[in-house]
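Residues per chain, in single letters:
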Amino acid sequence: MSAINREPKIVVIGAGFAGLSAASHLTKHGYLNVTILEAMDRPGGRVHTTKPFGENVIDLGANWIHGQDGNPIFIIAKEHGLLAENDSCSTMCLPGAVTPKDYFFHQNGKLFDSDEVEHVCQVFDNLMSKAFNEELGPKYKETSLGDYLDEEFSASELISIEGAKMVFEWCKRVECTDEACSSLYEFSVSQLRLYTALEGGFFNSLGPGGYQAILDILLKSLPLGILVCSTPVKFIKWNLNQGTPPPGEMYPVKVICDNDEELEADHVIVTVPLGYLQEKATEMFHPPLPDWKIRAINRLGFGTVSKIFLEFEKTFWPVDCSGIQLVWEQGHEDKDTYMSMLDGDSWKDTWYKKICGFDTVARHPNVLCGWITGKEAEYMEILDDNIVGETCTRLLRLFTNWNVSNPVRVVRSLWKENPYVRGSYTYIPVGVDAQKEQEALAEPLPSVSCSSTNKPLQVLFAGEATHVNYYTTTHGAYLSGEREAQRIINYYKESPVSSVGKSNC
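Residues numbered from 1 in each chain as written. Predicted model: local features only at pLDDT ≥ 70, side-chain atom pairs only at ≥ 80, totals over all residues. Heavy atoms only, no water.

J.: Help me out: how do you make sense of the sheet that holds strand S10 (residues 253-257) in this one?
T.: Neighbouring strands of a sheet are bound in pairs by backbone hydrogen bonds; such pairs are parallel or else antiparallel. With mixed pairing, the four strands of this open sheet are ordered in space as S11-S10-S9-S13. Pairing within the sheet leaves two strands with one partner each, and these edge strands are strand S11 (262-265) and strand S13 (285-286). Relative to S13, strand S9 (residues 233-237) runs parallel, the two being bridged by two bridges. Note that in S13 the partner of Ile236 across the bridge is Phe285. (Pairing = 2+ DSSP bridges. Helix = DSSP H or I, 4+ residues; strand = E, 2+ residues; numbered from the N terminus.)

J.: Which parts of the structure should I look at to understand the environment of Phe461?
T.: Topologically, Phe461 is positioned in strand S21 (residues 459-461). Residue classification places Phe461 among the buried positions, given a relative accessible area of 1%. Between the C-alpha atom of Phe461 and that of Ala485, which follows or precedes it by 24 residues, the distance is 10 Å. In this structure Phe461 touches Val270, Phe285, Leu289, Lys293, Leu441, Ala442, Glu443, Leu445, Thr466, Arg483 and Glu484, once residues within four positions along its chain are discounted. (Buried < 20%, exposed > 50% of the residue type's maximum accessible area, 1.4 Å probe, protein only. Contact = heavy atoms within 4.5 Å.)

J.: I tried to follow the pattern of salt bridges on my own but got confused; where do I start?
T.: Proximity of charged atoms lets side chains of opposite charge pair with each other. According to the stated counting rule, one finds 19 salt bridges in the structure shown. The residue Arg409 makes a salt bridge to Glu311 at a minimum N-O spacing of 3.2 Å. Of this pair, Arg409 sits in strand S19 (residues 409-412) while Glu311 sits in strand S15 (residues 305-311), placing them 98 residues apart in sequence. On the basis of relative accessible area, Arg409 is assigned to the partly exposed category, the value being 38%. Looking at Glu311, the relative accessible area reads 15%, which means it is buried. The partner of Arg487 in a salt bridge is Glu484, and the shortest N-O contact between them spans 2.8 Å. With Arg487 and Glu484 both in helix H13 (residues 474-491) and three residues apart, the pair spans about one turn of that helix. (Salt bridge = Lys/Arg side-chain N within 4 Å of Asp/Glu carboxyl O.)

J.: Can you help me understand the confidence of the model for the protein in this one?
T.: Mean pLDDT over the protein stands at 92; residues scoring 70 or higher make up 92%. Confidence drops under a pLDDT of 50 for residues 87-96, and excluding neighbours within four residues, the segment shows 35 contacts in the predicted structure. When the criterion is pLDDT under 50, residues 495-503 qualifies, and its contacts beyond four places in sequence or with other chains add up to 23 contacts. (pLDDT = per-residue confidence, 0-100.)

J.: Can you walk me through the pairing of S11 in this structure?
T.: Taken residue by residue, a regular strand's side chains alternate between the two faces of the sheet. Side chains of S11 alternate between two faces, with Leu263 and Ala265 buried and Glu262 and Glu264 left unburied. As paired elements, S10 and S11 share four bridges and run antiparallel to each other. Its bridge partner being in S11, Val255 is matched across the sheet by Leu263. Count of turn residues in the S10/S11 antiparallel hairpin: four residues, of which Asp260 carries a positive phi of about 75 degrees.

J.: Teacher, can you tell me more about the pairing of strand S6 (residues 102-106) here?
T.: The buried fraction of S6 amounts to five of the five residues, a majority that puts the element mostly inside the structure. Burial of S6 is two-sided: the residues Asp102, Phe104 and His106 facing one way and the residues Tyr103 and Phe105 facing the other way are all buried. Alignment of S6 against strand S16 (residues 323-327), held across five bridges, turns out to be parallel. If you follow Phe104 over to S16, its bridge partner there is Gln325.

J.: What's the story with helix H10 (residues 374-382) in this structure? I'm lost.
T.: Think of an α-helix as turning once every 3.6 residues; residues three or four places apart then point the same way. For H10, the complete set of buried residues consists of Gly374, Glu376, Ala377, Met380 and Glu381. Projected down its long axis, H10 shows its buried positions confined to an angular sector of 145 degrees, all on one face. The inward-facing, buried residues of H10 abut S15, strand S18 (364-373), helix H11 (385-400) and S19. (Arc of directions from axis to C-beta.)

Shown next as structure tokens:
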């Protein structure tokens, strides 16, 4: 062990996948003096499985397991039989994966030919693959993903096909959902190469237990009493043992909760969402975080992806329809439209144009789910349920000309409005060096490699935003929690490993 004569005391802040995996990894390795503090009244963080429509679940947060090979979340789900029997990504239409079961409607009620739609989506998918596979070269180093796609579209044969530009704009709206950005014109195309897609099916659906079933497996692996919910943290005071007191006589970190309860610790692992850090970091830490850490927090993007579930008394869509996709003459991802909405609040009048479509929901035959992102999603979250429901119903009637009844219930995700989350997941804005900032975000304070006489690893950082290759994913969050737990374990070995990235002392 290290230079203390007692078992190290560790506090984990946040009970999402990062926090739960950190605590699980520590306790499995014999570190039992661990407490998890969760601000909300439930564990899970941005995983939220609920039952608003009866006995079957929906997931308001994380929806899929992304990839299989080397994915700890997939491994857990596979080992415990938690995957959907007929795994399919049909619950959300994706570029390159459209089928005849996805009905694409023009705003004038015209139904697009499925073969033509599939062709446009395949071109879009090929362009995205080039960006992910580092095939763009220096030309697009400082370019947005939206501008790259527009330039490539204009140079393709699609430019001469009627309606192709509108379907291409729909593809860009869907990509906003995947990237969690307000617009692709604000997202860096050059940084896509850093994201690593795991081999195996990319969109793995969960069975009737939803994501909660995986959470339950993790929770069962933890000692009783380790998790404390409904306990927000107000302050983290660190570097309290300056001057190197005698071993074991003083804890270097103190965590002060909103209820004024105080917990002393040798190490604190902070796993709160990036959106929360962006709002609270400057006041949460005493002494303040160093400038390079604050820079990383503020430079990275944290976007909002929202779901709108509509329950109807009975279905009005055909049996073979898995999604009603909305194609506008000028959607919000049209460059001219985007530029016209940069100043002022005129975009609020047409916030609904950011909705990609309404997809059927597994195990809920009378429910549709709409997807919306960015500032439009944030605006939607502050509106009344009735307004959102009426707007969505109007859209469905306008596009399909079907006999659409009013929904009997509207259920929405409210991730931006959640005071302990403030968004959905991380994205990389144009001009940001993602690896530099994410490694800085993950850097512990103080680092093991620092020459300081203060105890290292007082404050550590985990969460999907801190993972260079797997950000935005649940497995990225899970692996980041393990990473920080292992960092502490290594510290108490004879030859501790060096910290992530360049040391900042």
